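# Inside the fold
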Amino acid sequence: MSELVTGEAVALELRPAKLPSRALAVLLDLVVVGVVYTLVTIVLVISTASLDEAAQAAVAVAAFLLVLVGAPIAVETLSHGRSLGKLACGLRVVRDDGGPIRFRHALVRGAVGVVEILMTFGVVACIASLVSARGRRLGDVVAGTLVVRERVPVARAAFVPPPPPWLSGRFAELDLSAVPDGLWLAVRQYLTRMGQLDPQVGWAMAQRLASEVAACTGAPAPQGVPPAAYLAAVLQERQVREARRAFGSGPAAVGPSVPGGHVVHGGPGVFGPAAPQPPGVAFHPPAAVSHPQVSGAGVPVPVVEAEPADQAGDRRSSGGFAPPA
């Protein structure tokens, strides 16, 4: 992948085309142009049979320049860098800054292409593409262009296992600003592929990554916490902070979401046993709290709950007064 910087200082990640795909696109273009040139030549030979040899030679040169040189330049200019072969292979010619090419870019590429493609049968173009870091031929270097891939296969996002519930939110006060992006990427790749690794190799890799993260944060990893669970909890904390910065300080869901909009919570069997609960302590859900209603004018209206009939009768009878029948 090549990082191109535009004139507005915006970094673009483009994928330069490889030599095989470019060669296939050029071959398809040459086949189409060759067929057109052959038909045009046959028509010109029949129509100029009565002319002298000099006129026939002039017509042949003009046909060569118009069909083999002018036609590709016109096609690339009108299609903004997509010839028939490039369109079939999913390629496109762009400027060095990522913008669409213009007539002068296509003209320079076509003029240099006559020498490095047509006259040398593509040998010079292949050598230049192999030597160039971004696979550019001489015409691209002179014109300031680059052939990139437009149809890039989109890989499915790998599932990152969430941390155990007893670790969610435990690292809310941890300073994660010093952790580099490369280390975050390594942690994410490990968590998505740790099920495919050998247990001993995965454990050693998790310990190494956990020690690097702890060194960057300045706080050691908690004792008794598996390194993979520690990495998952720290990565989740980073994702929660990024979500808060992007969408505000509203409540963030704990655990990554999966297709369907559901939140997945980690279980004790993913990274190790959960923290033990104190004996004899039972969890009671909080009682529902009724919030005051707000009227149309914005004034809170108190909520009056009706008492049961038996409780109301008992309170009235305790005062010694009974209403008349």
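Note: the structure precedes this text.
Keep in mind that this is a model prediction, so the values were computed, not measured.

Looking at the secondary structure, you find Gly90 in the loop between helix H3 (84-89) and strand E3 (91-95). Note on Gly90: relative accessible area 3%, which makes it buried.

To continue, consider helix H4 (residues 103-119). Taking 1.5 Å of rise per residue, 17 residues should cover 24 Å, and H4 covers 23 Å from first to last C-alpha, within 8% of that figure. Along its length, H4 reaches its greatest deviation from straightness, about 45 degrees, at Gly113. All of the buried residues in H4 are His105, Ala106, Arg109, Gly113, Val114, Glu116 and Ile117. One or two positions beyond H4, positive phi appears at Phe121, with a value near 55 degrees.

Core analysis: the biggest nonpolar cluster contains 25 residues, and Leu191, Tyr230, Leu231 and Val234 have the highest contact counts within it. Breaking this core down by element, the ones donating at least two residues are helix H7 (181-193), helix H8 (199-217) and helix H9 (227-247). For this core, the element with the highest residue contribution is H9, accounting for 8 residues. Core analysis: the second largest hydrophobic core is formed by 10 residues, Ala17, Ile73, Leu91 and Ile101 among them.

Here Arg22 shows up in helix H1 (residues 19-47). The residues touching Arg22, leaving out its near neighbours within four places in the chain, are Ala17, Leu91, Arg109, Ser129, Gly135, Arg136, Arg137, Asp140 and Val147.

Running from N to C, H7 and H9 cross one another at 125 degrees; their axes reach a closest spacing of 10 Å. As the angle between them shows, H7 and H9 are arranged oblique. Handedness of the crossing formed by H7 with H9: left-handed. Of H9, the residues touching H7 (which contributes Asp181, Trp184, Val187, Arg188, Tyr190 and Leu191) are Ala228, Leu231, Ala232, Val234, Leu235, Arg238 and Gln239. Among the residues forming the contact of H7 with H9, the class breakdown is 9 nonpolar, 1 polar and 3 charged.

The next point concerns the packing of aromatic side chains. If you walk through the whole model with that rule in mind, you get 2 aromatic pairs. Note on Tyr37 and Phe64: the rings are 6.4 Å apart at their centroids and 85 degrees apart in plane angle, and the pair reads as edge-to-face. Taken together, the residues span a long stretch of sequence, with Tyr37 in helix H1 and Phe64 in helix H2 (residues 53-78) at a distance of 27 residues. A residue is classified by how much of its surface remains accessible, and Phe64, at 29% relative accessible area, is partly exposed. With a centroid separation of 5.4 Å and an interplanar angle of 80 degrees, the aromatic rings of Phe171 and Tyr230 are classed as edge-to-face.

Attention now moves to a nonpolar patch on the surface. On the surface, Leu24, Leu27, Leu28, Val31, Val35 and Leu39 cluster together into a nonpolar patch covering about 520 Å² of accessible area. Its location among the elements puts Val35 in helix H1.

Glancing now at the pairing of E3. Each regular strand displays side chains that alternate between the two surfaces of the sheet. With respect to burial, E3 is a largely interior element, 4 of its 5 residues being buried. Alignment of E3 against strand E4 (residues 145-149), held across 5 bridges, turns out to be antiparallel. Residue pairing across strands places Val93 opposite Val147, the latter belonging to E4.

Calculation criteria
Residues numbered from 1 in each chain as written. Predicted model: local features only at pLDDT ≥ 70, side-chain atom pairs only at ≥ 80, totals over all residues. Heavy atoms only, no water. Helix = DSSP H or I, 4+ residues; strand = E, 2+ residues; numbered from the N terminus. Buried < 20%, exposed > 50% of the residue type's maximum accessible area, 1.4 Å probe, protein only. Expected span 1.5 Å × (residues − 1). Bend = angle between axes of the 7 residues up to and from the residue. Core = buried A, V, L, I, M, F, W, Y, C linked by side-chain atoms within 4.5 Å. Contact = heavy atoms within 4.5 Å. Axes fitted to C-alpha atoms, helices over the stretch in contact; angles between N-to-C directions. Parallel < 35°, antiparallel > 145°, perpendicular 65-115°, else oblique. Left-handed = near helix turned anticlockwise from the far one by under 90°. Nonpolar A, V, L, I, M, F, W, Y, C, P; charged D, E, K, R; others polar. Phe/Tyr/Trp six-rings, centres within 6.5 Å; stacked < 30°, edge-to-face > 60°. Patch = residues over 30% accessible without salt bridge, like charges linked within 9 Å, V, L, I, M, F, W, Y side chains within 5 Å. Areas by Shrake-Rupley, 256 points an atom, 1.4 Å probe, with all protein chains shown as cover. Salt bridge = Lys/Arg side-chain N within 4 Å of Asp/Glu carboxyl O. Pairing = 2+ DSSP bridges.

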